[in-house]
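Listed below are the residues making up each chain.
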Number of protein chains: 2
Amino acid sequence: MCLIMEAADDHVDGGVLAAPSNFSMVEDGIYRSGFPKPENFGFLATLNLRSIIYLCPEPYPEENLKFLEANNIKLFQFGIEGKTDPPTPMPKDTVLDALKVLVDVRNHPILIHCKAGKHRTGCLVGCLRKVQRWCLSSVLEEYQKNAGLKWRQRDLNFIEAFDTLSLRQCLLSIMYRYHGYGFKRKSLLHEEENVQTPKLQAAKV
Amino acid sequence: MCLIMEAADDHVDGGVLAAPSNFSMVEDGIYRSGFPKPENFGFLATLNLRSIIYLCPEPYPEENLKFLEANNIKLFQFGIEGKTDPPTPMPKDTVLDALKVLVDVRNHPILIHCKAGKHRTGCLVGCLRKVQRWCLSSVLEEYQKNAGLKWRQRDLNFIEAFDTLSLRQCLLSIMYRYHGYGFKRKSLLHEEENVQTPKLQAAKV
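- The name an unreviewed UniProt entry assigns to chain A is diphosphoinositol-polyphosphate diphosphatase, from the organism Brassica napus.

This is the structure:
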């Protein structure tokens, strides 16, 4: 057993894994964090990421792009402004576009991050939870846990007001197994062969 | 698509899912939370739990036992005292026993909970992260995020001092795929047929 653990250590600098700040797991194949630094690349490599959703308007750093290229990770950038004076409202159409990328299992495993992993990331995850039919108090508790003392009332208002119906209407090209996303684990399955002809009748069982 | 979502709603009271307080996902098949109440049973049912690790000495409530029985969920109770005056040290042998249950995928999906999901649960998850070779600052950040303002220095000290070697030595009956737990997703695999004769040489590749 010890042999196994030691062999594994050789693959990680210094034998320890440094998670990005504010890292946590959202769902099977969905992670969230603050901005990953080079010292987090060893940790990120263990997640076998297929994609990253990056929610800031600033260009992605060269060293992070190299890490993505080396690990064949696709970058989806949605330029949402961070703290501005006066505050910029969270752009709901952009969040909706990010959500479409997020729920598509062809992009999983996927990491969502902005700068701190609190506000922009928190809003996107909050909207995902609404799609999953989480009750609002559970959604807001999760947002606040990840934002800590920096939580913003306007983010809570945005999540509460976000209408998931438009997402549902856009999901026709993504197939679900029996009960649909959030009702059974690993339920959001993309079935490549059925993109054009969704089997809606499966839901009537 | 709408048909699918509405059909799913019929299976959840009021159409929304209430997560237990302080709920989050730790790893594939591992969840953590505060004490689940009856209004959380609908949410918990979506996780398809196989087991629960309960870290308090108080008897499990009758209604929770009924939920476990109805859903064929096994209860592992480790009676660790909560807040006492003077403070009781976290019992490392008990945490080690809980950790053995936790890393055994035969028990997954598994939910860890105590009362608030902050201190006892936080210590157990912190020890798991050490087994996974997370660096100490990542471990402590996760502990603090989940404990919020109630974080305790003595919990951080416990996690830091916890020796994972004894766990590693106890894991001979659980098999790993190539690099071992925490280095690849879904790497902690139990291979029923190999319990008696672990293939240690697999680690030498």
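### Observations concerning the overall build of chain A
Move 1: Secondary structure assignment for chain A yields 8 helices and 5 strands.
Move 2: Ordered by position from the N terminus, the helices and strands of chain A form the series α-β-β-α-β-α-β-α-β-α-α-α-α.
Move 3: Of all 205 residues assigned to chain A, the portion counted as buried reaches 54%.
Move 4: Put simply, 62% of the contacts in chain A that link residues at least 6 apart link residues at least 24 apart.
Move 5: Approximately 9,400 Å² of chain A is accessible, and the part contributed by carbon and sulfur atoms is 52%.

### Topic: the pairing of strand β2 (residues 30–33) of chain A
All names here are of chain A.
Move 1: Judged by which residues are buried, β2 turns out to be covered on both faces: I30 and R32 on one side and Y31 and S33 on the other are all buried.
Move 2: Where strand β1 (residues 24–27) hands over to β2, the hairpin turn is made up of 2 residues, of which G29 adopts a positive phi near 80°.
Move 3: Across 4 bridges, β2 lies against strand β5 (residues 110–113) in parallel orientation. Opposite I30, over in β5, you have I110 as the bridge partner.

### Description of helix α5 (residues 120–131) of chain B
All names here are of chain B.
Move 1: For α5, which comprises 12 residues, the first-to-last C-alpha distance of 17 Å matches the rise-based estimate of 16 Å (1.5 Å per residue) to within 8%.
Move 2: Burial within α5 is extensive, with 12 of its 12 residues counted as buried.
Move 3: Count one or two residues on from α5 and you reach R133, which has phi positive near 70°.

### With respect to the environment of V16 of chain A
Move 1: With respect to the helices and strands, V16 of chain A occurs in the loop between α1 (2–9) and β1.
Move 2: Along the backbone, V16 of chain A and G42 of chain A are 26 residues apart, and their C-alpha atoms lie at a distance of 8.9 Å.
Move 3: Contacts of V16 of chain A, omitting those with residues within four sequence positions, involve R133 and C135 of chain B.

### Points about the pattern of salt bridges
Two side chains with opposite charge may pair up if their charged atoms get near one another.
Residue and element names in this part refer to chain A.
Move 1: Counted under the stated rule, the structure contains 8 salt bridges over all chains.
Move 2: With its nearest N and O atoms 2.8 Å apart, the salt bridge here joins R129 to E142. Note that R129 is positioned in helix α5 (residues 120–131) and E142 in helix α6 (residues 136–147), a separation of 13 residues in sequence.
Move 3: R129 gets classed as buried once you look at its relative accessible area, which sits at 1%.
Move 4: You can call E142 buried: its relative accessible area is 9%.
Move 5: Counted as one network, the salt bridges with shared partners bring together E27, R129 and E142.

### Some points on the nonpolar core
Move 1: Of all hydrophobic cores here, the largest spans 104 residues; its most connected members are I53 of chain A together with I53 of chain B.
Move 2: Setting aside residues no more than four positions away along its own chain, I53 of chain A makes contact with F76, F78, A98, V101, L102, I110, L111, I112, H113 and L124 of chain A.

### Looking at the packing of aromatic side chains
Move 1: Scanning the entire structure with this criterion turns up 18 aromatic pairs over all chains.
Move 2: Ring centres of F23 of chain B and F43 of chain B lie 4.9 Å apart, and the angle between their planes is 80°; this geometry places the pair in the edge-to-face category. Here F23 of chain B, found in the loop between α1 (2–9) and β1 (24–27), pairs with F43 of chain B, found in helix α2 (residues 41–45); they are 20 residues apart in sequence, far enough to count as distant.
Move 3: Overall, F43 of chain B belongs to the buried group, its relative accessible area being 3%.
Move 4: Taken together, the ring pairs in this structure connect F23, Y31 and F43 of chain A together with W134 of chain B into an aromatic cluster.
Move 5: Lying across the ring of W134 of chain A, R129 of chain A places its NZ or CZ 3.9 Å from the centre.

### A closer look at the side chain of T46 of chain B
All names here are of chain B.
Move 1: Take T46: it is sitting in the loop between α2 and β3 (51–54).
Move 2: Given a relative accessible area of 9%, T46 falls into the buried group.
Move 3: Among the polar contacts listed, one links the side chain of T46 to the backbone oxygen of F43, at a separation of 2.6 Å.

### A short note on the environment of V139 of chain B
Residue and element names in this part refer to chain B.
Move 1: Inspection of the secondary structure assignment puts V139 in helix α6 (residues 136–147).
Move 2: We classify V139 as buried; its relative accessible area is 1%.
Move 3: Taking C-alpha positions, V139 is 9.6 Å from G122, a pair spaced 17 residues apart along the chain.
Move 4: Those residues in contact with V139 that sit more than four places away from it in its chain are G126, R129, K130, W134 and I159.

### Examining the confidence of the model for chain A
All names here are of chain A.
Move 1: Mean pLDDT over chain A: 82, with 76% of residues reaching 70 or higher.
Move 2: Confidence drops under a pLDDT of 50 for residues 175–205, and excluding neighbours within four residues, the segment shows 76 contacts in the predicted structure.
Move 3: Two summary scores accompany this predicted model of the complex, namely pTM at 0.80 and ipTM at 0.78.

Conventions adopted
- The numbers attached to residues start from 1 for each chain and follow its sequence in the written order.
- All chains are assigned letters beginning with A, and all ligands numbers beginning with 1, in the order in which they are written.
- Restriction of local features to residues with pLDDT of at least 70 applies here, the model being predicted, together with a cutoff of 80 or more for giving and counting side-chain atom pairs; totals for whole chains, interfaces and linings are based on all residues.
- Hydrogens are left out, water is left out, and the side-chain values use all remaining heavy atoms of the structure.
- To qualify as a helix, a DSSP run of H or I must reach at least 4 residues; to qualify as a strand, a run of E must reach at least 2; elements of each kind are numbered from the N terminus.
- The cut-offs for exposure are 20% and 50% of the maximum accessible area for each residue type, with area from a 1.4 Å probe on protein chains only; residues under the lower value are buried, those over the upper are exposed, and the others partly exposed.
- Only heavy atoms enter the contact rule, under which two residues are in contact if any of them lie within 4.5 Å.
- Exposure was quantified through the Shrake-Rupley algorithm and a 1.4 Å probe, taking into account, for residues, occlusion by the shown protein chains and nothing else.
- We call two strands paired when DSSP finds no fewer than two bridges between them.
- To estimate the expected span of a helix, count its residues, drop one, and scale the result by 1.5 Å.
- By salt bridge we mean one thing: a side-chain nitrogen of Lys or Arg within 4 Å of a carboxyl oxygen of Asp or Glu.
- What we call a nonpolar core is a set of buried Ala, Val, Leu, Ile, Met, Phe, Trp, Tyr and Cys residues that are connected through their side-chain atoms within 4.5 Å.
- Ring pairs are drawn from Phe, Tyr and Trp, using the six-membered ring of Trp, whenever the two centres fall within 6.5 Å, and their geometry is named by plane angle: stacked under 30 degrees, edge-to-face over 60, tilted for the rest.
- In our convention, an over-ring charge means Lys NZ or Arg CZ found within 6 Å of a ring centre and within 35 degrees of that ring's normal.
- Here a polar contact is recorded for every N or O atom pair within 3.5 Å, except that within protein the pair must consist of a potential hydrogen donor and a potential acceptor, and residues adjacent in sequence are included only if both atoms are side-chain atoms.
- The pLDDT score gives, residue by residue, the confidence of the prediction method on a 0 to 100 scale.

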